[in-house]
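Structure at a glance
For reference, the chains in residue letters:
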Amino acid sequence: MARGRTHTDFLVVGSGLAGLTYALQAAESGSVTILTKAGVTDSNTGWAQGGIAAAIGEADSW
Ligand SMILES: Cc1cc2nc3c(=O)[nH]c(=O)nc-3n(C[C@H](O)[C@H](O)[C@H](O)COP(=O)(O)OP(=O)(O)OC[C@H]3O[C@@H](n4cnc5c(N)ncnc54)[C@H](O)[C@@H]3O)c2cc1C
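Reference entry: report on the structure contained in this document. (Residues numbered from 1 in each chain as written. Predicted model: local features only at pLDDT ≥ 70, side-chain atom pairs only at ≥ 80, totals over all residues. Heavy atoms only, no water.)

Here we come to the overall build of the chain. Within the chain, the secondary structure is distributed over one helix and two strands. Secondary structure elements in the chain, listed N-terminal to C-terminal, are β-α-β. Over its C-alpha atoms the chain spans a radius of gyration of 17 Å, topping by over 25% the 11 Å that the globule rule assigns to 62 residues. Based on the C-alpha atoms only, the size of the chain along its principal axes is roughly 55 × 25 × 15 Å. Counting only residues that meet the buried cut, the chain has 13% of its 62 residues in that class. Expressed as a percentage of contacts within the chain between residues at least 6 apart in sequence, the contacts between residues at least 24 apart total 24%. A total accessible area of about 5,800 Å² is found for the chain, and carbon and sulfur atoms account for 57% of it. (Helix = DSSP H or I, 4+ residues; strand = E, 2+ residues; numbered from the N terminus. Rg over C-alpha atoms; globule rule 2.2 N^0.38 Å. Buried < 20%, exposed > 50% of the residue type's maximum accessible area, 1.4 Å probe, protein only. Contact = heavy atoms within 4.5 Å. Areas by Shrake-Rupley, 256 points an atom, 1.4 Å probe, with all protein chains shown as cover.)

Structural data, given as structure tokens:
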């Protein structure tokens, strides 16, 4: 990665659901830079299938 200096109004660390949701909202108020660890899709969010996990059966436990 090239070293350099940049200016941004919002620096978001992480490109998962939380970071991207915040980045979308922040983009309405200024420039946004997203800093992430490896690949853009390298996150738990990339694995999520859209299900909702809950302990509701008698055999379930938190
Ligand atoms: C296999 C699997 C299946 C799932 N299925 C579901 C589901 O069906 N339904 C559901 O509701 N939830 C599910 N989840 C949980 C869900 O994916 C997470 O709760 C959610 O994606 C978390 O989002 P997040 O933005 O907080 O974290 P993440 O998506 O993990 O994002 C974290 C980000 O931070 C970055 N980061 C980490 N460390 C650094 C660092 N040092 N410097 C810079 N960047 C860094 C990562 O690269 C990543 O981009 C699942 C999780 C897994 C693993």
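A word on the pairing of strand β1 (residues 10-13). Across four bridges, the pairing between β1 and strand β2 (residues 32-35) is parallel. The residue bridging V12 from the neighbouring strand is I34, located in β2. On the question of chirality, the crossover connecting β1 to the parallel β2 by way of helix α1 (residues 17-26) is right-handed. (Pairing = 2+ DSSP bridges. Right-handed = clockwise from strand over helix to strand, strands pointing away.)

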